[in-house]
Amino acid sequence: MKIYVPDLDSYRCFVLQDKDVIRAYVQRPTNNSNVAYRDYYYNSSYIYKDGYQQFSQYTTLPVCLDSSVLTNDFYYRQDIDKIMIIFLILSIFCIYLPIKIFSRLFKRGSL
């Protein structure tokens, strides 16, 4: 199973926080460091939140996901079905309806 992550090349470490959140660290977390991260809510159309996390010598470091599990291929998105439905609706209103209207207005023999 592949997991879609936007901006895959911009981050060094990815961790599954819970069933809805992937945390992407800018650099690998180390002891006694302050690391910038971005939380992607992949069940909510990949809305994200940025922040910083402090790691001390007493905190356990997160285990990064294997890079073979991650992808930035568009077809692995969790919301691809919503995108396709919106594309279909926009296609009907922006392409099909104007063609029908113009074909009826400029039909041979009228005007």
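Calculation rules
- Residues numbered from 1 in each chain as written.
- Predicted model: local features only at pLDDT ≥ 70, side-chain atom pairs only at ≥ 80, totals over all residues.
- Heavy atoms only, no water.
- Helix = DSSP H or I, 4+ residues; strand = E, 2+ residues; numbered from the N terminus.
- Pairing = 2+ DSSP bridges.
- Contact = heavy atoms within 4.5 Å.
- Polar contact = N/O pair within 3.5 Å; in protein donor to acceptor, adjacent residues only side chain to side chain.
- Axes fitted to C-alpha atoms, helices over the stretch in contact; angles between N-to-C directions.
- Core = buried A, V, L, I, M, F, W, Y, C linked by side-chain atoms within 4.5 Å.
- Buried < 20%, exposed > 50% of the residue type's maximum accessible area, 1.4 Å probe, protein only.
- Disulfide = S-S within 2.5 Å.
- Salt bridge = Lys/Arg side-chain N within 4 Å of Asp/Glu carboxyl O.

Peer 1: Help me out: how do you make sense of unusual backbone geometry in this one?
Peer 2: Excluding glycine, a negative phi dihedral is what most residues carry, and trans is how most peptide bonds are arranged. Even without a glycine there, the phi angle at Asp7 is positive, about 55 degrees. Mapped onto the secondary structure, Asp7 falls in the loop between strand E1 (3-4) and strand E2 (13-18).

Peer 1: What is the right way to look at the pairing of strand E5 (residues 47-55) in this model?
Peer 2: Regular strands have side chains that alternate between both faces of the sheet. Sheet analysis places strand E4 (residues 33-41) next to E5, joined by nine bridges and oriented antiparallel. For Ser33, the partnering residue across the bridge sits in E5 and is Phe55. In textbook terms, the turn of a hairpin is the stretch between consecutive antiparallel strands, and for E4 and E5 this stretch comprises five residues, one of which, Ser45, has a positive phi near 60 degrees.

Peer 1: Teacher, can you tell me more about the environment of Arg23 here?
Peer 2: Looking at where Arg23 falls in the secondary structure, it is placed in strand E3 (residues 21-25). Sequence separation of Arg23 and Tyr48 is 25 residues, and the distance between their C-alpha atoms is 9.4 Å. Not counting residues within four places of it along the chain, the set of residues in contact with Arg23 comprises Cys13, Phe14, Val15, Gln17, Tyr37, Arg38, Asp39 and Gln53. A polar contact of 2.7 Å, which involves the side chain of Arg23, links it to the side chain of Asp39.

Peer 1: What is the right way to read the sheet that holds E2 from this model?
Peer 2: As a general point, the strands of a sheet are linked pairwise by backbone hydrogen bonds and lie either parallel or antiparallel. The sheet built from four strands is open, its strands ordered E2-E3-E4-E5 with antiparallel pairing. Each edge of the open sheet is held by one strand with a lone partner, namely E2 and E5. Going from strand to strand, the sheet's axes swing by 30 degrees on average, the running direction of each strand aside.

Peer 1: Looking at this structure, how should I read the nonpolar core?
Peer 2: Across soluble globular proteins, nonpolar side chains have a tendency to be buried as a group. Counting twelve residues, the largest nonpolar core consists of Ile3, Tyr4, Val5, Leu8, Tyr11, Phe14, Ile22, Ala24, Tyr40, Tyr42, Tyr46 and Leu70. Elements with a contribution of two residues or more to this core: E1 and E3. Ignoring anything within four residues of it in the chain, the contact list for Ile3 reads Leu16, Ile22, Leu65, Val69, Leu70 and Thr71. Formed by seven residues, the second largest nonpolar core is a distinct cluster that contains Cys13, Tyr25, Val35 and Cys64.

Peer 1: Got a minute to help me understand the state of the cysteines in this structure?
Peer 2: Here, the word disulfide means a covalent bond between the sulfur atoms of two cysteines. Summed over the entire model, instances satisfying the criterion amount to one disulfide. At a sulfur-sulfur separation of 1.8 Å, the disulfide partner of Cys13 is Cys64. An S-S torsion of about -100 degrees defines the bridge between Cys13 and Cys64 as left-handed. With Cys13 in strand E2 and Cys64 in the loop between E5 and strand E6 (70-71), this pair connects stretches of sequence that are 51 residues apart. The pair formed by Cys13 and Cys64 is uniform in burial state, with each residue classed as buried.

Peer 1: Looking at this structure, I do not really get the pattern of salt bridges. What am I missing?
Peer 2: It is possible for side chains of opposite charge to pair when their charged atoms get near one another. With the rule as written, the count across this model stands at four salt bridges. Where Lys19 meets Asp20, a salt bridge forms, and the shortest distance between an N and an O atom there is 3.6 Å. Residue Arg77 is joined to Asp79 by a salt bridge in which the shortest nitrogen-to-oxygen separation is 2.8 Å. Comparing Arg77 with Asp79 shows no difference in burial state: the two are buried.

These results come straight from atomic positions and should not be treated as a statement about function.
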